[in-house]
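This is what each chain is made of:
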Amino acid sequence: MRTIGVDLAVAARTTAAAEIIWGQHVAVVGPARQGCTDHEVLDLLSSLGPGDRAGIDCPFGWPVDFAEAVHAHTHQDPWPGRGRDRAEHYAGLRLRRTDLRVRQVASGRPLSVSFDKLGATAARWAYLADALAVDGRPVDRVGAGTVVEVYPAASRVQWGLGPGRSMQELLQLAPWLECSEELRRAYDASEHAFDALIAALTARAAALGLTARPEGEEVALAEWEGWIHLPERESLPCLA
């Protein structure tokens, strides 16, 4: 099995990817790829075979309330927040249901894909996802397919990793990861590469059913907004 992690950014310069090959009780870390262009990201995701998984650090969609508000404004329909408290209305426009779940479970502070520059990264992902769909590889926003949405900062919290990005700490908690000294230095030197590696590990957790799934009304929302696959607490040792 192979898992790929992509720390997606607006620019190729700060976009990184990582690859892990999984064997029997061992996983081999591949070289960090940095400065990934659209073409390179699409090539990586198109190369996924049966059983492989990829974790993308980027929102797969926008809050439904936000999308409906933009649609109403575009068509000069009544603004959905008319007559409501503005702060309360804004709260519904800012975060997706999956963001609220992450904030509750992992005590994180997810950025707003609608009210923050993160929206530009999501637009890049929308472009890439469309290209994959045209190629016959549509991405399920809930994560039922080979590609899942991940949030490395929250994954680190769930796995008991510190706020910093340290290969030494990661390898202490996951001694089954095989990584050369040269690669350790490379991942330590780039926060984007390190997050891509955490994304690849989270993709493995998703494949093993060790991530939180949407429940009840969350399922319908996740189909539009996307869903962050948050690993179960202390599940890192179980990945091997």
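In this text, all values refer to a predicted model and were calculated from it rather than measured experimentally.

> Account for helix H2 (residues 64-74), with residues named and values stated.
Helical periodicity: at 3.6 residues per turn, an α-helix aligns residues three or four positions apart in one direction. When we look at burial in H2, the residues that qualify are Val64, Ala69 and Ala72. The buried residues of H2 occupy an angular sector of 135 degrees when the element is viewed end-on, so they sit on one face. Exposed positions of H2 whose direction lies more than 90 degrees from the buried face are His73 and Thr74. Taken together, the buried residues of H2 touch helix H3 (86-94) and helix H10 (218-225). One or two residues past the end of H2 sits Gln76, with phi positive at roughly 60 degrees.

> Residue-level account of the packing of helix H1 (residues 38-46) against helix H5 (residues 118-134), with values.
H5 packs onto H1 with a crossing angle of 50 degrees between their chain directions and a minimal axis gap of 11 Å. The orientation of H1 relative to H5 falls into the category oblique. Remark: the crossing between H1 and H5 carries right-handed chirality. Taking contact as the criterion, the partners of Asp38, Val41, Leu42, Leu45 and Ser46 in H1 are, on H5, Arg124, Trp125, Tyr127, Leu128, Ala131 and Leu132. Partitioned by chemical class, the residues of the contact of H1 with H5 number 8 nonpolar, 1 polar and 2 charged.

> Tell me about the environment of Thr15, and name the residues and values.
Following the sequence through the fold, Thr15 ends up in the loop between strand S1 (2-7) and strand S2 (16-22). Spatially, the C-alpha atom of Thr15 lies 11 Å from that of Cys58, the residues being 43 residues apart in sequence. Excluding anything up to four places from it in sequence, Thr15 contacts Val6, Asp7, Leu8, Ala9, Arg33, Gln34, Gly35, Cys36, Val41 and Arg124. A distance of 2.7 Å separates polar atoms of two side chains, one belonging to Thr15 and the other to Arg124.

> Report on the pattern of salt bridges, specifying residues and quantitative values.
In the structure shown here, the tally under the stated rule is 11 salt bridges. Of the charged contacts in the structure, one is a salt bridge between Asp52 and Arg2, with a shortest N-O distance of 3.7 Å. Taken together, the residues span a long stretch of sequence, with Asp52 in the loop between H1 and strand S5 (53-57) and Arg2 in strand S1 at a distance of 50 residues. Put simply, Asp195 and Arg165 hold a salt bridge, and the shortest N to O gap is 3.0 Å. Residue Asp195 is found in helix H9 (residues 191-207), and its partner Arg165 is found in the loop between helix H6 (152-158) and helix H7 (167-173); the two are separated by 30 residues along the sequence. What makes Asp195 buried here is its relative accessible area of 8%. Through salt bridges with shared partners, a single network forms among Arg2, Glu19 and Asp52.

> I'd like a description of the domain arrangement of the chain, backed by residues and values.
Annotation of the chain at the domain level lists domain 1 (2-59 + 96-238) and domain 2 (62-95). Taken over C-alpha atoms, the centre of domain 1 sits 29 Å from the centre of domain 2. Counting residues at the interface gives 17 residues for domain 1, matched by 8 residues for domain 2. Carbon and sulfur atoms make up 71% of the area that domain 1 and domain 2 hide from each other, which totals about 1000 Å². Per-residue buried area on domain 1 facing domain 2 is highest for Arg96, Ser114 and Phe115; these three make up 43% of the total on that side. The interface formed by domain 1 and domain 2 contains 0 salt bridges.

Conventions used here
- Residues numbered from 1 in each chain as written.
- Predicted model: local features only at pLDDT ≥ 70, side-chain atom pairs only at ≥ 80, totals over all residues.
- Heavy atoms only, no water.
- Buried < 20%, exposed > 50% of the residue type's maximum accessible area, 1.4 Å probe, protein only.
- Helix = DSSP H or I, 4+ residues; strand = E, 2+ residues; numbered from the N terminus.
- Arc of directions from axis to C-beta.
- Contact = heavy atoms within 4.5 Å.
- Axes fitted to C-alpha atoms, helices over the stretch in contact; angles between N-to-C directions.
- Parallel < 35°, antiparallel > 145°, perpendicular 65-115°, else oblique.
- Left-handed = near helix turned anticlockwise from the far one by under 90°.
- Nonpolar A, V, L, I, M, F, W, Y, C, P; charged D, E, K, R; others polar.
- Polar contact = N/O pair within 3.5 Å; in protein donor to acceptor, adjacent residues only side chain to side chain.
- Salt bridge = Lys/Arg side-chain N within 4 Å of Asp/Glu carboxyl O.
- Domains from an automatic or database assignment.
- Buried area = accessible area lost by both parts, 1.4 Å probe.

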